[in-house]
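Analysis of the macromolecular model
Here is how the chains run, residue by residue.
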Amino acid sequence: MTQEDGDLDSLVRKRIRALRVAQGWSLEELATRAHLSQSSLSRIENGQRRLALDQLVTLARALDTTLDQLVETAADDVVSSPMIDGARGSMRWLVKGDPGMSVVRQRMTDPPPENPARMRAHPGREWLVVLSGTAILMLGHRRLRVETHQAAEFPTMMPHAIGAEGGPCEILGIFDRDARRGHQHEGSDGDVQGAGG
């Protein structure tokens, strides 16, 4: 066993114990859920028993996680810098856990478009929180005010647009894989920038 294998082995054992404790479960409770004996689980957590793949799958399921999450190695890049798009006035961060998701910080000064034809629709979901100011979310025929520290979540198949009300506003948006793709395809029409959400 290499040093790297030993580190991963130790990390997985710590995760199993930490997840069990976070759920407020005793060794006996997790052992029952994972169809293991309490002594086997104790030896797994303490490094006195070899980790077997079938047991890891069962433990992951019992802990309501996946095998991938249970054995993933620690990320080297914990802190990341945004990609800055000066022309559109936005910053974008990729969410590491899902390369299809992105986080966008936007400063908006214009109100949403009056013309419903300028509203966009595409597959996906979007979540946003207003960091400062007041945003107007046009969602189908509805006009919603989203104020500082309020959040909104909606399916992007509904025609939508976002803009500012009464001065600049700043929002933080999270787009799933499909919504992100929809925003990229809409390009310079400014879907990410306020003409559409």
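Quick look at the structure, then. Please read these numbers as outputs of a predicted model, since none were measured by experiment.

1. Quick look at the overall build of the protein chain
- For the protein chain, the helix and strand inventory stands at 6 helices and 9 strands.
- Looking at the protein chain residue by residue over its 197 residues, the buried ones come to 38%.
- In the protein chain, the share of contacts with a sequence separation of at least 24, taken over all contacts with a separation of at least 6, comes to 65%.
- Carbon and sulfur atoms provide 51% of the accessible area of the protein chain, an area that totals close to 11600 Å².

2. So, the nonpolar core
- Core analysis: the largest hydrophobic core is formed by 15 residues, its most contacted members being Val12, Ile16, Leu30, Leu41, Leu56, Leu59 and Leu70.
- Elements supplying a minimum of two residues to this core: α1 (3-23), α2 (27-33), α3 (38-46) and α4 (53-62).
- The element that contributes the greatest number of residues to this core is α4, accounting for 4 residues.
- Setting aside residues up to four positions removed in sequence, Ile16 forms contacts with Leu30, Leu41, Ile44, Glu45, Leu56, Leu59, Leu63 and Leu70.
- Counting 13 residues, the second largest nonpolar core, distinct from the first, contains Met108, Leu137, Phe154 and Ile171.

3. A word on the sheet that holds strand β6 (residues 142-147)
- Here we have 3 strands laid out as an open sheet, ordered β6-β5-β8, and antiparallel in their pairing. At either end of the open sheet lies a strand with only one pairing partner, and these are β6 and β8 (160-164). The average undirected angle you get between the axes of adjacent strands in this sheet is 20 degrees.
- Judged from the 6 bridges that link them, strand β5 (residues 134-139) and β6 form a sheet pairing that is antiparallel. Bridging from a neighbouring strand, Ala135 pairs with Val146 of β6.

4. Some remarks on unusual backbone geometry
- Even without glycine at this site, His35 takes up a positive phi of about 55 degrees.
- Inspection of the secondary structure puts His35 in the loop between α2 and α3.
- Since its relative accessible area comes to 71%, His35 is described here as exposed.
- Its identity is not glycine, yet Asp64 carries a phi of approximately 60 degrees, on the positive side.
- The topology assignment puts Asp64 in the loop between α4 and α5 (67-71).

5. Topic: α4
- Turning to α4, its buried residues number three or more, namely Gln55, Leu56, Leu59, Ala60 and Ala62. One side of α4 carries all its buried residues, which in axial view fall inside an arc of 160 degrees. Seen from the buried face of α4, the exposed residues on the opposite side, beyond 90 degrees, are Leu53, Asp54 and Arg61.
- Remark: Asp64 follows α4 within two positions and exhibits a positive phi of approximately 60 degrees.

6. Let's talk about the pairing of β5
- Of all 6 residues in β5, 6 are buried; the element is thus mostly enclosed.
- Here β5 shows a buried face lined by Thr134, Ile136 and Met138 and a second buried face lined by Ala135, Leu137 and Leu139.
- The hairpin turn running from β5 into β6, its antiparallel successor, is 2 residues long, and Gly140 in that turn takes a positive phi close to 65 degrees.
- Bridging between β5 and β8 involves 5 bridges; their strand directions are antiparallel. Bridge pairing in β8 links Met138 to Ala161.

7. Examining the pattern of salt bridges
- Taken as a whole and judged by the stated rule, the model has 7 salt bridges.
- As a salt-bridge pair, Glu153 and Arg125 come within 3.3 Å of each other at their nearest N and O atoms. Taken together, the positions of Glu153 in strand β7 (residues 151-155) and Arg125 in strand β4 (residues 125-132) put the pair 28 residues apart, joining distant regions of the chain.
- For Arg125, a relative accessible area of 38% translates into the label partly exposed.
- A salt bridge links Arg145 to Glu165; the shortest N-O distance between them is 2.7 Å. Taken as a pair, Arg145 in strand β6 and Glu165 in the loop between β8 and β9 (169-175) lie far apart in primary sequence, 20 residues in all.
- A relative accessible area of 46% places Arg145 in the partly exposed class.

Quick notes on the rules
- Residues numbered from 1 in each chain as written.
- Predicted model: local features only at pLDDT ≥ 70, side-chain atom pairs only at ≥ 80, totals over all residues.
- Heavy atoms only, no water.
- Helix = DSSP H or I, 4+ residues; strand = E, 2+ residues; numbered from the N terminus.
- Buried < 20%, exposed > 50% of the residue type's maximum accessible area, 1.4 Å probe, protein only.
- Contact = heavy atoms within 4.5 Å.
- Areas by Shrake-Rupley, 256 points an atom, 1.4 Å probe, with all protein chains shown as cover.
- Core = buried A, V, L, I, M, F, W, Y, C linked by side-chain atoms within 4.5 Å.
- Pairing = 2+ DSSP bridges.
- Axes fitted to C-alpha atoms, helices over the stretch in contact; angles between N-to-C directions.
- Arc of directions from axis to C-beta.
- Salt bridge = Lys/Arg side-chain N within 4 Å of Asp/Glu carboxyl O.

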